[in-house]
Amino acid sequence: MATETPIAQQDNQSEPQGQLLTKPESIYGLLNRLKDHHIPLKLHFNTVEGVYSTIILKVDLKNRHFIIDQVTPNWGDRMMAKSGAFMFEAYYDGCRIASSTLKAAGKGIQDGEAIYKVPFPDELDYFQRRQFYRAQIRRGVIIDAILDSKGLANPVIGELKDISAQGCQIEIDGDYRDTLGNQIVLDSCSITFPNQLSVSTAIQVRHVGYDNKKDRSSCGCLFVDLPPMEERKVSYAVAEIQREVARRSSDGSARYISPLYEPKPIEENEDESNAGATGKKNKASDATTDSNNKTTDESVKEQIEDNSLQSGINELKQQKEKARLQELFKEFRIYHTNAIAAVKGLLAQVKQKTTLKLQPAIEISEQLASALEQNPHVLLALTTLRDAQDYIPQHSVSFGIHLAHFAKSMGYQGKLADLIYAGLLHDIGKATLPSMVVFKPDRLNTQELKSMQRHVITTHKALTEASDNIPKEVIAVVLGNTERLDGSGYPRQLKADKISGLARMAGIVDAYDAMTTDRNYAKGVLPALAFKTLMNSDKQFDRLMVQRFIKCIGLMPVGSFVRLSSNKLGFVLTLDEETSKPAMVRVIYDADKKQLITPDDFDLTDPISSASVGTIARPEDPAKYFINRLLMMD
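### What about the packing of helix α12 (residues 472-480) against helix α13 (residues 501-516)?
Then comes step 1: At a minimum axis distance of 9 Å, the contact between α12 and α13 shows a crossing angle of 50°. Taken together, α12 and α13 sit at an angle that is classed as oblique. Of the two elements, α12 crosses α13, and the hand of that crossing is right-handed. Together, E473, A476, V477 and G480 of α12 and L502, A503 and A506 of α13 make up the contact between the two elements.
Then comes step 2: Residues belonging to the contact of α12 with α13 are distributed by class as follows: five nonpolar, one polar and one charged.

### Points about helix α15 (residues 543-553)
Then comes step 1: Three or more residues of α15 are buried, namely M545, V546, F549, I550, C552 and I553. Looking straight down α15, one finds its buried side chains confined to an arc of 160°; they lie on one side.
Then comes step 2: Buried residues along α15 sit in contact with α8 (391-409), α13 and α14 (527-535).
Then comes step 3: The N-cap residue of α15 is D542: its side-chain oxygen and the backbone nitrogen of L544 are 3.1 Å apart.
Then comes step 4: Just downstream of α15 lies G554, where phi reads positive at about 85°.

### Some points on unusual backbone geometry
Generally, phi is negative for residues other than glycine and the peptide bonds are trans, each holding for most cases.
Then comes step 1: Omega for the peptide link from T72 to P73 comes to -5°, which places this bond in the cis form.
Then comes step 2: If you trace the backbone, P73 turns up in the loop between β5 (65-68) and α2 (74-81).
Then comes step 3: Even without a glycine there, the phi angle at K353 is positive, about 60°.
Then comes step 4: Topologically, K353 is positioned in the loop between α5 (287-351) and α6 (359-374).
Then comes step 5: Of note in this structure, S580 is not a glycine but carries a positive phi near 65°.
Then comes step 6: When you line up the elements, S580 lands in the loop between β19 (568-572) and β20 (584-590).

### Focus on the pattern of salt bridges
Then comes step 1: Counting across every chain of the model gives 20 salt bridges.
Then comes step 2: For K408, the salt bridge goes to E373, with nearest N and O atoms at 2.9 Å. Of the two residues, K408 is situated in helix α8 and E373 in helix α6; the sequence distance between them amounts to 35 residues.
Then comes step 3: Taking relative accessible area as the criterion, E373 reaches 47% and is therefore assigned partly exposed.
Then comes step 4: The partner of R618 in a salt bridge is E620, with the nearest N and O atoms 3.2 Å apart.
Then comes step 5: Judged by its relative accessible area of 9%, E620 is buried.

### As for the packing of α8 against α15
Then comes step 1: At a minimum axis separation of 10 Å, α8 and α15 run at an interaxial angle of 105°. Taken together, the axes of α8 and α15 lie roughly perpendicular to each other. The residues of α15 that touch α8, namely those facing H402, H405, F406 and S409, are M545, R548, F549, C552 and I553.
Then comes step 2: Its residues placed into classes, the contact of α8 with α15 shows five nonpolar, three polar and one charged.

### Comments concerning the sheet that holds β19
Then comes step 1: Read from one edge of the open sheet, five strands run β21-β20-β19-β18-β22, paired in antiparallel fashion. Two strands close off the open sheet at either side, each with one partner strand: β21 (595-603) and β22 (616-620). The average angle at which neighbouring strand axes cross in this sheet is 30°, direction not considered.
Then comes step 2: Relative to β21, β20 runs antiparallel, the two sharing six bridges. Paired with V587 across the two strands is D600, which belongs to β21.

### Section: the side chain of H65
Then comes step 1: Examined against the element boundaries, H65 turns out to sit in strand β5.
Then comes step 2: Ignoring anything within four residues of it in the chain, the contact list for H65 reads V59, D60, K117, V118, P119 and F120.

### Topic: the sheet that holds β5
Then comes step 1: Judged by pairing direction, the sheet is antiparallel, and its four strands sit side by side in the order β4-β5-β9-β8 without closing on themselves. Every interior strand has two partners, whereas the edge strands, β4 (56-60) and β8 (106-110), have only one. Direction aside, neighbouring strands of the sheet carry axes that sit 25° apart on average.
Then comes step 2: As defined by bridge partners, β4 adjoins β5 across four bridges and the pair is classed as antiparallel. Counted as the bridge partner of K58 is I67 from β5.
Then comes step 3: Its contacts with the sheet place helix α1 (residues 24-36) against β4 and β5, and it is angled at close to 150° to β4.
Then comes step 4: Each of β5, β8 and β9 (113-119) is contacted by α2, which is oriented at about 50° to β9, the strand it contacts most.

### Looking at the confidence of the model for the chain
Then comes step 1: In this model, the chain carries an average pLDDT of 83, and 84% of its residues clear a pLDDT of 70 or more.
Then comes step 2: Contacts from residues 1-14, a stretch scored under 50 in pLDDT, to residues over four places away or in other chains number 30 contacts.
Then comes step 3: When the criterion is pLDDT under 50, residues 303-313 qualifies, and its contacts beyond four places in sequence or with other chains add up to one contact.

### A word on helix α9 (residues 416-425)
Then comes step 1: The buried fraction of α9 is high, at 10 of 10 residues.
Then comes step 2: Considered for burial, the residues of α9 that qualify are L416, A417, D418, L419, I420, Y421, A422, G423, L424 and L425.

Scoring rules and cut-offs
Residues numbered from 1 in each chain as written. Predicted model: local features only at pLDDT ≥ 70, side-chain atom pairs only at ≥ 80, totals over all residues. Heavy atoms only, no water. Axes fitted to C-alpha atoms, helices over the stretch in contact; angles between N-to-C directions. Helix = DSSP H or I, 4+ residues; strand = E, 2+ residues; numbered from the N terminus. Parallel < 35°, antiparallel > 145°, perpendicular 65-115°, else oblique. Left-handed = near helix turned anticlockwise from the far one by under 90°. Contact = heavy atoms within 4.5 Å. Nonpolar A, V, L, I, M, F, W, Y, C, P; charged D, E, K, R; others polar. Buried < 20%, exposed > 50% of the residue type's maximum accessible area, 1.4 Å probe, protein only. Arc of directions from axis to C-beta. Polar contact = N/O pair within 3.5 Å; in protein donor to acceptor, adjacent residues only side chain to side chain. Salt bridge = Lys/Arg side-chain N within 4 Å of Asp/Glu carboxyl O. Pairing = 2+ DSSP bridges. pLDDT = per-residue confidence, 0-100.

In structure tokens form, the structure reads like this:
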């Protein structure tokens, strides 16, 4: 059974609280996990009060339906038989999963009990609730929590009982109501799990309870100014404990033991033992031999110390880089979100045939250009955060960022903000087109194709009517990104000698982003396949420019999810400037253990770091492992 959240007041919110999943494959994945782990569904019928329960017996992706067991109490079965409208919610792995409105499509009998066929919901609300979840430490596992501060005569050693994103509960032998009372703030709370994961931060003791019979104090603590690195460790610990609770069998035994609770073995130094044994056997060796051995031992020891020192320096550098990237992700994500909102606003204005308000797009283009100059890798990684429901706005932002990045690598001397601005604007004319044309999964017929091609002229007209000061680069991109070298493009069917270099670059970037992005009706392809398609289309795209574009963003671009030779999986965070190969990789998943692991960054250009995690084997799809791309920024 899944452990229910203690925050009951949030359970019945009607507004979406998390990520809305609408793709059948995503809905199938969640329903299947609820089935496999026998997670109960709570049913809420529209016309009657009360909560009813059932479980999922089968999930059918091909026919888009799932089978649920008999509903209890019995009144729920009557409502199901009458096709009463209902929604369900379930709690799994620290998340709340809630459906849109459903109705049973059929009834059957299995083992003498009623079962029901229910179509897939139109959407599932998938809401992470870890910030409210108090993860209970496994019974029998003792985890020390050491409290220290200037105001304490001696450090206080307690036992961690539970932990959440905001704080923890610690039990201490003895009466500490006076010592730790009055909302005291302690400089240090050090928690070390059996696997040697260590969390250290300041805390505020919010309350202290005392059990006379046990002579034991219970302290409720709040983390104070939790550093980013420690916050990630806490999030990982909470997630791992939740994972174990969710996988616990119904009889209370554990099928899964969290890596947090697996003691890290103390490795014996066999070389020193062997050396000691040999020394005892050879006490009669001459002084020269002893001297040589001592010299050799000292050299080995110095080499070990040098390696340890270098490893420590590298680790410190990586920790600083992690913290820096995390802060940039937070800052740049605000710009990225605002840019998407700006495009949505422009699309609405075009659809309503009102004069365009361009200033918000101009301002956010400047911010994105500054971010691109500061750290292109972080901004490019953000473009991989996609929702098929917002294809046009997200594609427009991604197109602008990639075009500016590509142009800069080609030696472009103009304003990068103008190219990003062009990206935000280049598809706004599509707001006037029917959705069945814009999002049609099959090839467009002649009439639909002509309708689609008109969006370029519509965009150009809306821009020129809105302002007399549209940069010429924007116009060049808007009118030129759909032209092709062989004259098969539109709207002017220009051929190679008439298409500017900027328009050629825009055509390549636009096609690449379109091919690699998920739509409502189709999944995007891997970058390598998109590159292959572009290279094989040299009659339409400038082959030399395609090669330069591949060099610019790399065969495995920033944001790619990759498998390493150690069978660890992670996201590419940066590229090597000289080779364009992945440099920094954030490892978050162990394919052998089939579980998330503590996020850790590895610099593949550093031999010491690379040796511990291996080399890149191949790209992977994070959806296959139910991994949210936001973990790339955790």
